[in-house]
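Read off the chains here:
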Amino acid sequence: MNVSFSNKLVAVMNEKIESGIIMNALAHMCIGFGSEIGKDALRLTDYIDGDGGSHPSKSEMPFMILKTNSNKIRGLRQAAIEAGIKFVDFTNTMTIGTFVEQIERTKQTKEAELIYYGIVLFGDWDKVSEMTRKFSLWK
């Protein structure tokens, strides 16, 4: 069965960040992004096992996880803004302390000083593919 998708879902993560922290960043981005994009656009489907048990809300679309460094994620973020591609990102200011402290720390940090942990993109398949083709698969 050949299924094509008009949109692509990709995460590009900072390969220099410790695995537990990077997984937390990815989880936060996916929660926020999923609520913004919505069930229909993300093509979320309930999978039913052989016993009739439900495994809810899995995307039918592939979700690639790629890797690079903070500065390239910064550039990718800017390219997404310019191309009108939906995205959510996560930076070093969004860790440690309460969410109130994180919001204040982010507000006090210039964009050029942020360390990007990751970005999730969702948009036109060809545009997102072109923007992310230089990044390696996370292994």
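Cut-off values and rules
- Residues numbered from 1 in each chain as written.
- Predicted model: local features only at pLDDT ≥ 70, side-chain atom pairs only at ≥ 80, totals over all residues.
- Heavy atoms only, no water.
- Helix = DSSP H or I, 4+ residues; strand = E, 2+ residues; numbered from the N terminus.
- Contact = heavy atoms within 4.5 Å.
- Areas by Shrake-Rupley, 256 points an atom, 1.4 Å probe, with all protein chains shown as cover.
- pLDDT = per-residue confidence, 0-100.
- Pairing = 2+ DSSP bridges.
- Axes fitted to C-alpha atoms, helices over the stretch in contact; angles between N-to-C directions.

**Looking at the overall build of the protein chain**
- Each helix and strand in the protein chain was counted, giving four helices and seven strands.
- Ordering the α and β elements of the protein chain from the N terminus gives β-α-β-β-β-α-β-α-β-α-β.
- Taking the principal axes of the C-alpha coordinates as reference, the protein chain spans close to 50 × 35 × 25 Å.
- Long-range contacts, defined as pairs at least 24 residues apart, comprise 75% of the intrachain contacts of the protein chain with a sequence gap of at least 6.
- Roughly 8600 Å² of accessible area belongs to the protein chain as shown, and the carbon and sulfur atoms make up 54% of that amount.

**A closer look at the confidence of the model for the protein chain**
- Overall, the prediction assigns the protein chain a mean pLDDT of 94, with 99% of residues at 70 or greater.
- Taken element by element, the protein chain is modelled with least confidence in helix α1 (residues 19-37), mean pLDDT 93, and with most confidence in helix α2 (residues 70-83), mean pLDDT 98.

**Observations concerning the sheet that holds strand β7 (residues 136-137)**
- What the five strands build is an open sheet, ordered β5-β6-β1-β4-β7; its pairing is mixed. Of all strands in the sheet, those with a lone pairing partner are β5 (86-91) and β7, marking the two edges.
- One ladder, built from six bridges, connects strand β1 (residues 7-14) with strand β4 (residues 63-68); its direction is parallel. Pairing of Ala11 across the sheet is with Ile65, part of β4.
- Contacts from α2 reach β1, β4, β5 and β6 (116-124) within the one sheet, and its direction differs from that of β6 by about 30°.

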